[in-house]
Amino acid sequence: MPEGPEIRKAADKLEKAIAHQPTAEVFFAFKHLQPYAAKLTGRTVTHLATYGKALVTHFDNDFCVYSHNQLYGKWMVRQAYNFPNTNRQLRFAIHTDRKSALLYSASDIEVLTADAVPHHPFIQKLGPDILDPQVTREQIFEWVQEKAFYRRRFTTLLLDQGFLCGVGNYLRSEILFVSGIHPTRRPTDCDRERLARFADAALAIPQQSYHHNGITNDLDIAQDLKQRGWPRRQYRHWVFGRDGQGCYACGTPIVKERSGGRRYYYCPTCQPAD
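Residues numbered from 1 in each chain as written. Predicted model: local features only at pLDDT ≥ 70, side-chain atom pairs only at ≥ 80, totals over all residues. Heavy atoms only, no water.

**A few points about the pattern of salt bridges**
Turning to step 1, where the next piece is worked out: Scanning all chains against the criterion turns up ten salt bridges.
Turning to step 2, where the next piece is worked out: We note a salt bridge from Arg-43 to Asp-60, for which the minimum N-O separation is 2.9 Å. Of the two residues, Arg-43 sits in the loop between α2 (35-40) and β2 (45-51) while Asp-60 sits in the loop between β3 (54-59) and β4 (63-68), which places them 17 residues apart along the sequence.
Turning to step 3, where the next piece is worked out: According to the relative accessible area criterion, Asp-60 is partly exposed, its value standing at 39%.
Turning to step 4, where the next piece is worked out: A salt bridge links Arg-137 to Glu-138, with the nearest nitrogen and oxygen atoms 3.6 Å apart.
Turning to step 5, where the next piece is worked out: You can call Arg-137 partly exposed: its relative accessible area is 32%.
Turning to step 6, where the next piece is worked out: Its relative accessible area of 46% is what places Glu-138 among the partly exposed residues. (Salt bridge = Lys/Arg side-chain N within 4 Å of Asp/Glu carboxyl O. Helix = DSSP H or I, 4+ residues; strand = E, 2+ residues; numbered from the N terminus. Buried < 20%, exposed > 50% of the residue type's maximum accessible area, 1.4 Å probe, protein only.)

Right, here's the structure in full:
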């Protein structure tokens, strides 16, 4: 499933393609949404907002379309009305004279007014957004010590969108590695220095991923390995997907384990269990 940085990149691509120009046609596959198609045709997309893994398309008549890709949803940008050859089902489309934004396979789509967006059942339960420039390390430092969170293992805590929204599997492993925290530890097990490192990493790693095409490894290390001809999957991350390979910081083989059916990775030397 795409994580916060990938959803924001998708929103940027959609904005570039269809925003600030009249829509030629809007399409909804679901019957209960089809009456809104005429209300949104001829209107203008003003911007696309992201809330962790959810995306909200804002139109200039106060209507918004909420969508969540979940596991199978996929946005595509094409030349106007140039549909791809795919077995996926088209669920939502915005066509302009130049481009078409096509959402395939997603089942979670709603039309809201702008005032209703903060009260959407998914959005209102979200924690601080890791890509929100107004969220600070100080807020994260205090947030991770809240009673609702401080006795939960980081393995499960970091996948709870009510804690930090936009974090998924790869960001979980990368944030914890940079923080020096073993995945099975809890905030209450960590001293203030380590929690401060966590607060820094929780914002810095997603921001780096967003700005550098998904790379969460040290940028100098990644660039060096890229120039040596290493494949992207080998230099993209510090630990995620690198089980059995040497840690870039200490050389210890990276360990892969599972929690709730979801894989995570860590360095047993850089992230001691005690």
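**Some thoughts on the packing of aromatic side chains**
Turning to step 1, where the next piece is worked out: Within this structure, the stated rule accounts for 13 aromatic pairs.
Turning to step 2, where the next piece is worked out: Taking 6.5 Å as the distance between ring centres and 70 degrees as the angle between the ring planes, the aromatic pair formed by Tyr-81 and Phe-83 counts as edge-to-face.
Turning to step 3, where the next piece is worked out: Overall, the relative accessible area of 38% leaves Tyr-81 in the partly exposed class.
Turning to step 4, where the next piece is worked out: On the basis of relative accessible area, Phe-83 is assigned to the partly exposed category, the value being 39%.
Turning to step 5, where the next piece is worked out: Across from the ring centre of Tyr-210, 5.7 Å away, lies the NZ or CZ of Lys-9, which sits over that ring.
Turning to step 6, where the next piece is worked out: The cationic tip of Arg-242 hangs over the ring face of Tyr-248; the distance from NZ or CZ to the ring centre is 3.9 Å. (Phe/Tyr/Trp six-rings, centres within 6.5 Å; stacked < 30°, edge-to-face > 60°. Lys NZ or Arg CZ within 6 Å of the ring centre and 35° of its normal.)

**A closer look at helix α6 (residues 192-211)**
Turning to step 1, where the next piece is worked out: Relative to the 28 Å expected for 20 residues at 1.5 Å per residue, α6 spans 29 Å between its end C-alpha atoms, a close match to the ideal helical length.
Turning to step 2, where the next piece is worked out: Residue Ala-201 marks the point of greatest curvature in α6, where the axis turns by about 25 degrees.
Turning to step 3, where the next piece is worked out: Where α6 is buried, its residues meet α1 (4-18), α3 (137-143), α4 (154-157), α5 (169-179) and α7 (219-227).
Turning to step 4, where the next piece is worked out: The first or second residue beyond α6 is Asn-213, which carries a positive phi of 55 degrees. (Expected span 1.5 Å × (residues − 1). Bend = angle between axes of the 7 residues up to and from the residue. Contact = heavy atoms within 4.5 Å.)

**A closer look at the packing of α1 against α6**
Turning to step 1, where the next piece is worked out: Where α1 meets α6, the closest approach of the two axes is 9 Å, and the angle between their N-to-C directions is 35 degrees. By crossing handedness, the relation of α1 to α6 is classed as right-handed. Mapping the contact onto sequence places Pro-5, Glu-6, Arg-8, Lys-9 and Asp-12 in α1 and Pro-206, Ser-209 and Tyr-210 in α6.
Turning to step 2, where the next piece is worked out: For the contact of α1 with α6, the per-class residue count stands at three nonpolar, one polar and four charged. (Axes fitted to C-alpha atoms, helices over the stretch in contact; angles between N-to-C directions. Left-handed = near helix turned anticlockwise from the far one by under 90°. Nonpolar A, V, L, I, M, F, W, Y, C, P; charged D, E, K, R; others polar.)

**Comments concerning the nonpolar core**
In a soluble, globular protein the nonpolar side chains are often hidden away together inside.
Turning to step 1, where the next piece is worked out: Within the largest apolar cluster, 41 residues are counted, with the highest numbers of intra-cluster contacts made by Ile-140, Phe-154, Leu-158, Phe-163, Leu-164, Ile-175 and Phe-198.
Turning to step 2, where the next piece is worked out: Broken down by secondary-structure element, the contributors of at least two residues to this core are α3, α4, α5, α6 and α7.
Turning to step 3, where the next piece is worked out: If one sorts the elements of this core by residue count, α6 sits on top with nine residues.
Turning to step 4, where the next piece is worked out: If you look at the next biggest cluster of nonpolar residues, it comprises 24 residues, including Ala-17, Val-65, Trp-75 and Phe-92. (Core = buried A, V, L, I, M, F, W, Y, C linked by side-chain atoms within 4.5 Å.)

**Topic: the environment of Ala-204**
Turning to step 1, where the next piece is worked out: As for its placement among the helices and strands, Ala-204 is situated in helix α6.
Turning to step 2, where the next piece is worked out: Placed 74 residues apart in sequence, Ala-204 and Ile-130 show a C-alpha to C-alpha distance of 8.7 Å.

**Structural notes on the layout of surface pockets**
Turning to step 1, where the next piece is worked out: Looking at the largest pocket, its volume works out to about 280 Å³.
Turning to step 2, where the next piece is worked out: If you go around the largest pocket, you meet 13 residues; those closest to its centre are Ala-10, Lys-13, Lys-74, Trp-75 and Met-76.
Turning to step 3, where the next piece is worked out: Mapped by element, the contributors of at least two residues to the lining of the largest pocket are α1 and β5 (74-79).
Turning to step 4, where the next piece is worked out: Looking at the lining of the largest pocket residue by residue, the classes come out as seven nonpolar, two polar and four charged. (1 Å grid on protein atoms, 1.4 Å probe; cavity = no way out; pocket = protein on both sides within 12 Å on 5 of 7 lines; lining within 4 Å. Points joined across faces, edges and corners; volume = space filled by probe spheres on them.)

**Remarks on the sheet that holds strand β6 (residues 90-95)**
Turning to step 1, where the next piece is worked out: Spatially, β1-β6-β7-β5 is the arrangement adopted by the four strands of the open sheet, whose pairing is antiparallel. Taken across any chain shown, the strands that pair with only one partner, and hence form the sheet edges, are β1 (25-28) and β5. Neighbour-to-neighbour, the strand axes of the sheet open up by a mean angle of 15 degrees, direction not taken into account.
Turning to step 2, where the next piece is worked out: Pairing of β1 with β6 involves four bridges; the strand directions are antiparallel. Its bridge partner lying in β6, Phe-28 is registered against Phe-92. (Pairing = 2+ DSSP bridges.)

**Points about empty space enclosed by the protein**
Turning to step 1, where the next piece is worked out: This model, assessed by the stated rule, comprises one cavity of 30 Å³ or more.
Turning to step 2, where the next piece is worked out: For the largest cavity, the calculated volume is near 30 Å³.
Turning to step 3, where the next piece is worked out: What lines the largest cavity is Ile-7, Ala-10, Lys-53, Leu-55, Ser-67, His-68, Asn-69 and Trp-75.
Turning to step 4, where the next piece is worked out: Of the residues assigned to the lining of the largest cavity, the class counts are four nonpolar, three polar and one charged.

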